[in-house]
Amino acid sequence: MRKIKEQIQYIYDWEDIGSPERFEIDEVMGQSEEQLGEKPQHDYRERKKISSLQCADFMAWLSFQLGNDNFYQVPLNPLAVEALKDLENYYPAGKCPRFKKWFQVRTIQRAELGRWASEEAKNPQTIERFADWRRRHPKPVKVKRR
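A short note on the side chain of Arg22
No. 1: With respect to the helices, strands and loops of the structure, Arg22 is situated in helix H1 (residues 20-36).
No. 2: Despite its burial, Arg22 pairs with no opposite charge, the nearest such side chain being Asp26 at 4.3 Å.
No. 3: Excluding anything up to four places from it in sequence, Arg22 contacts Trp14, Glu15, Asp16, Ile17 and Tyr44.

As structure tokens, this is what we get:
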């Protein structure tokens, strides 16, 4: 446990009010609230004004590079190779057996996804969970402007 007392605020790249992208993010944050038992704080800001969003874009690009390499054997971009050498060898607390590397990308391999799908087919839960969410949180109706 990290002993952080302040609530985390999630900042997303700007999406217009009423856009499908913003609705999707708001919906996921609402689902998160049910799972965590507390309302996560989130907001939208312009990427060019918030450097941490630019950092998140960079980390997403690196993860995408690793995914393409892992799943499709697409060679890594040379800049990604250089960045990964730095990030994959960075240990914030110094090297110790208990502490994992700072930058790790999690993936679901085809076989793992297949096992989950087989279990879901035998004992379906995921679709019912989403159906329950939809019953309790219907999509908002868009108001047409005249």
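Describing the pattern of salt bridges
For side chains of opposite charge, pairing can occur when their charged atoms come near one another.
No. 1: With the rule as written, the count across this model stands at ten salt bridges.
No. 2: Ionic contacts of the salt-bridge type, sharing partners, join the residues Glu34, Glu128, Asp132, Arg135 and Arg136 into one network.

Quick notes on unusual backbone geometry
No. 1: If you check the backbone angles, Gln73 has positive phi at about 55 degrees while not being a glycine.
No. 2: One can find Gln73 in the loop between helix H2 (51-72) and helix H3 (78-87).
No. 3: Overall, Gln73 belongs to the exposed group, its relative accessible area being 56%.

Details of the pairing of strand S2 (residues 41-45)
No. 1: Judged from the five bridges that link them, strand S1 (residues 9-13) and S2 form a sheet pairing that is parallel. Looking across to S2, one finds that Tyr10 is bridged to His42.
No. 2: In this view, the connection linking S1 to its parallel neighbour S2 by way of H1 has right-handed handedness.

Thoughts on H3
No. 1: Those residues of H3 lying buried are Ala80, Ala83, Leu84 and Leu87. When H3 is viewed along its axis, its buried side chains cluster within an angular range of 100 degrees and face the same direction. Those residues of H3 that are exposed and angled more than 90 degrees off the buried face are Pro78, Glu82, Lys85 and Asp86.
No. 2: Against the buried residues of H3 lie H2.
No. 3: Its side-chain oxygen at 2.7 Å from the backbone nitrogen of Leu79, Asn77 defines the N-terminal cap of H3.

Examining the nonpolar core
No. 1: By size, the foremost hydrophobic cluster in this structure holds eight residues: Met59, Leu62, Leu66, Ala80, Ala83, Leu84, Leu87 and Phe103.
No. 2: Broken down by secondary-structure element, the contributors of at least two residues to this core are H2 and H3.
No. 3: The element that contributes the greatest number of residues to this core is H3, accounting for four residues.

Quick word on the confidence of the model for the chain
Any segment with low pLDDT has predicted coordinates that should not be analysed in fine detail.
No. 1: Scored by pLDDT, the chain has a mean of 83; 86% of the residues are at 70 or more.
No. 2: Across the chain, the element-wise mean pLDDT spans from 87 in helix H5 (residues 126-136) up to 92 in S2.

Let's talk about H2
Spacing of three or four residues puts side chains on the same side of an α-helix, whose turn is 3.6 residues.
No. 1: An ideal rise of 1.5 Å per residue puts 32 Å on 22 residues; H2 measures up with 31 Å between its terminal C-alpha atoms.
No. 2: Taken together, the buried positions of H2 are Leu53, Met59, Leu62, Gln65, Leu66, Gly67 and Asn68.
No. 3: Elements that come into contact with the buried residues of H2 comprise S1, S2 and H3.

Considerations on the side chain of Ser19
No. 1: By secondary structure assignment, the location of Ser19 is in the loop between S1 and H1.
No. 2: In terms of polar contacts, Ser19 uses its side chain to reach the backbone carbonyl oxygen of Asp16, at 2.9 Å.
No. 3: Within the local environment of Ser19, its side chain forms a polar contact with the backbone nitrogen of Arg22, the two atoms lying 3.1 Å apart.

Conventions and cut-offs
Residues numbered from 1 in each chain as written. Predicted model: local features only at pLDDT ≥ 70, side-chain atom pairs only at ≥ 80, totals over all residues. Heavy atoms only, no water. Helix = DSSP H or I, 4+ residues; strand = E, 2+ residues; numbered from the N terminus. Buried < 20%, exposed > 50% of the residue type's maximum accessible area, 1.4 Å probe, protein only. Lys, Arg positive; Asp, Glu negative; His and termini not counted. Salt bridge = Lys/Arg side-chain N within 4 Å of Asp/Glu carboxyl O. Contact = heavy atoms within 4.5 Å. Pairing = 2+ DSSP bridges. Right-handed = clockwise from strand over helix to strand, strands pointing away. Arc of directions from axis to C-beta. Polar contact = N/O pair within 3.5 Å; in protein donor to acceptor, adjacent residues only side chain to side chain. Core = buried A, V, L, I, M, F, W, Y, C linked by side-chain atoms within 4.5 Å. pLDDT = per-residue confidence, 0-100. Expected span 1.5 Å × (residues − 1).

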